[in-house]
Amino acid sequence: MHAALPSTSDLLAQRAEAGEAEGLAILAREQLAGRGRAGRTWASPPGNLYLSVLLRPEGPVREAPQWSLLAGLALAEAAAEICSEPAALRLKWPNDLLRAGAKCAGILAETALGPEGRLAWLTLGFGVNLGHAPSLPDRPTATLGADLAPEEFAARLLRRLARWRGIQAGQGFAPVREGWLRFGPAPGEAIQVRGVPGPARFAGLAEDGSLLIDTDGTRRRVSAGEVLSQGDV
């Protein structure tokens, strides 16, 4: 536990490059230069969760996006244990957790390449609004609605992450995909996807975790990108 860090993910990446073994987790009470996806700033006041975890899966690089979905599933299950409205929790592809449509958590997955195009290491950075919901310019925010210390939630999250890590190692990605869909949008739910003009409808996840959408009578597969909103958009 650190009182304050510029970024838990930055420190963990340094440790990974230095050869740290899988399983190292870094927790900070506050981040001074927290980062979100696509270079966004992640406001990090004391009272929320800022946790980064190191994995060394050694799989091909094409499987890297699946780890964001696995992390999201572990996060959703841990959040459902403590949230005052667990039924209001939904996952937004690929890496956000929503409560009643408002963002309450996000995941930053970063990787490094090893020999022959395989993963050398992967870091999962979790930011969870436990006590505060910093405002964002493009979407509503919320907290989990639970009075819990960050280190207590971190322990719950790490247990869930270890469980799904074991399932994935033994059974592959299929159970993770099925678990994610329990928290994902309902089939046919309206979503907006960056780079896709107009509204689309959620059609599930492909076997590799890619997003499936129906738009203009056509089913499309989205391997990289971001759902901007989901629900009645």
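Residues numbered from 1 in each chain as written. Predicted model: local features only at pLDDT ≥ 70, side-chain atom pairs only at ≥ 80, totals over all residues. Heavy atoms only, no water.

Peer 1: Sorry if this is basic, but what is going on with unusual backbone geometry here?
Peer 2: Trans peptide bonds make up most of the peptide bonds, and negative phi angles are found at most residues other than glycine. Residue Pro94 follows Trp93 across a cis peptide bond; omega there is 0 degrees. Summarising the element assignment, Pro94 is placed in the loop between strand S3 (89–92) and strand S4 (96–99). The phi angle at Ala100 is positive, at roughly 55 degrees, despite the residue not being glycine. Mapped onto the fold, Ala100 is located in the loop between S4 and strand S5 (102–113). Look at Ala100 and you get exposed, because its relative accessible area is 64%. Positive phi values are uncommon outside glycine, yet Asp216 reaches one of about 55 degrees. (Helix = DSSP H or I, 4+ residues; strand = E, 2+ residues; numbered from the N terminus. Buried < 20%, exposed > 50% of the residue type's maximum accessible area, 1.4 Å probe, protein only.)

Peer 1: Honestly, the nonpolar core in this entry has me stumped. Any pointers?
Peer 2: One recurring pattern in soluble globular proteins: nonpolar side chains tend to sit buried together. Of all hydrophobic cores here, the largest spans 54 residues; its most connected members are Leu49, Leu97, Phe126, Leu144 and Phe153. With twelve residues, helix H2 (residues 64–82) is the single largest residue contributor to this core. Ignoring sequence-local partners within four residues, the contact set of Leu97 consists of Leu75, Ala76, Ala79, Leu89, Arg90, Leu91, Ala102, Lys103, Cys104, Ala105 and Leu144. (Core = buried A, V, L, I, M, F, W, Y, C linked by side-chain atoms within 4.5 Å. Contact = heavy atoms within 4.5 Å.)

Peer 1: In this structure, what is going on with the pattern of salt bridges? I would like to understand it.
Peer 2: A side chain of one charge can pair with a side chain of the opposite charge if their charged atoms are brought near each other. Inspection of the entire model under this criterion finds 15 salt bridges. Shared partners join several salt bridges into a network, and the residues in it are Glu77, Glu81, Arg156, Arg160, Arg163 and Arg182. (Salt bridge = Lys/Arg side-chain N within 4 Å of Asp/Glu carboxyl O.)

Peer 1: What's the story with the packing of aromatic side chains in this structure? I'm lost.
Peer 2: How two aromatic rings sit relative to each other is set out by the distance from centre to centre and by the angle between their planes. Under the definition given, this model contains zero aromatic pairs. Between Arg163 and the ring centre of Trp164, over which it is positioned, the NZ or CZ distance is 4.9 Å. (Phe/Tyr/Trp six-rings, centres within 6.5 Å; stacked < 30°, edge-to-face > 60°. Lys NZ or Arg CZ within 6 Å of the ring centre and 35° of its normal.)

Peer 1: Sorry, what's going on with the sheet that holds strand S9 (residues 211–215) here?
Peer 2: For sheets, the rule is that strands pair by backbone hydrogen bonds, running either parallel or antiparallel. Across the sheet, five strands lie side by side as S10-S9-S8-S7-S11; this open sheet has antiparallel pairing. In this open sheet, the two strands that pair with only one neighbour each are strand S10 (218–222) and strand S11 (227–230). Adjacent strand axes in the sheet meet at a mean angle of 40 degrees when their direction is disregarded. In the sheet, strand S7 (residues 190–193) pairs with strand S8 (residues 200–205) via two bridges, with the strands oriented antiparallel. For Ala190, the partnering residue across the bridge sits in S8 and is Arg201. (Pairing = 2+ DSSP bridges. Axes fitted to C-alpha atoms, helices over the stretch in contact; angles between N-to-C directions.)

Peer 1: Just to check I follow, could you spell out the sheet that holds S5 for this structure?
Peer 2: Read across the open sheet, the six strands follow the order S1-S2-S6-S5-S4-S3; overall the sheet is antiparallel. The two strands at the open ends of the sheet, each matched to only one other strand, are strand S1 (25–28) and S3. In this sheet, neighbouring strand axes are inclined to one another by 15 degrees on average, regardless of whether the strands run parallel or antiparallel. Examined bridge by bridge, strand S2 (residues 49–55) and strand S6 (residues 119–128) share seven bridges and lie antiparallel to one another. Its bridge partner lying in S6, Leu55 is registered against Leu122. Of the strands in this sheet, S1, S2, S5 and S6 touch helix H1 (residues 8–17), which is tilted by about 20 degrees from S2.

Peer 1: I keep staring at the side chain of Ser52 and nothing clicks. Help me out?
Peer 2: Secondary-structure assignment places Ser52 in strand S2. A polar atom in the side chain of Ser52 sits 2.9 Å from the side chain of Ser9. In this view, Ser52 contacts Thr8, Ser9, Leu12, Leu24, Ala25, Ile26, Leu124 and Gly125; residues no more than four positions away in its chain are not counted. (Polar contact = N/O pair within 3.5 Å; in protein donor to acceptor, adjacent residues only side chain to side chain.)

Peer 1: Explain H2 to me, please; I cannot follow it from the model alone.
Peer 2: Every α-helix carries 3.6 residues per turn, so stepping three or four residues along brings you back to the same face. The terminal C-alpha atoms of H2, which comprises 19 residues, lie 29 Å apart, in line with the 27 Å expected from a rise of 1.5 Å per residue. Burial analysis of H2 places 16 of its 19 residues in the buried class, the great majority of the element. (Expected span 1.5 Å × (residues − 1).)

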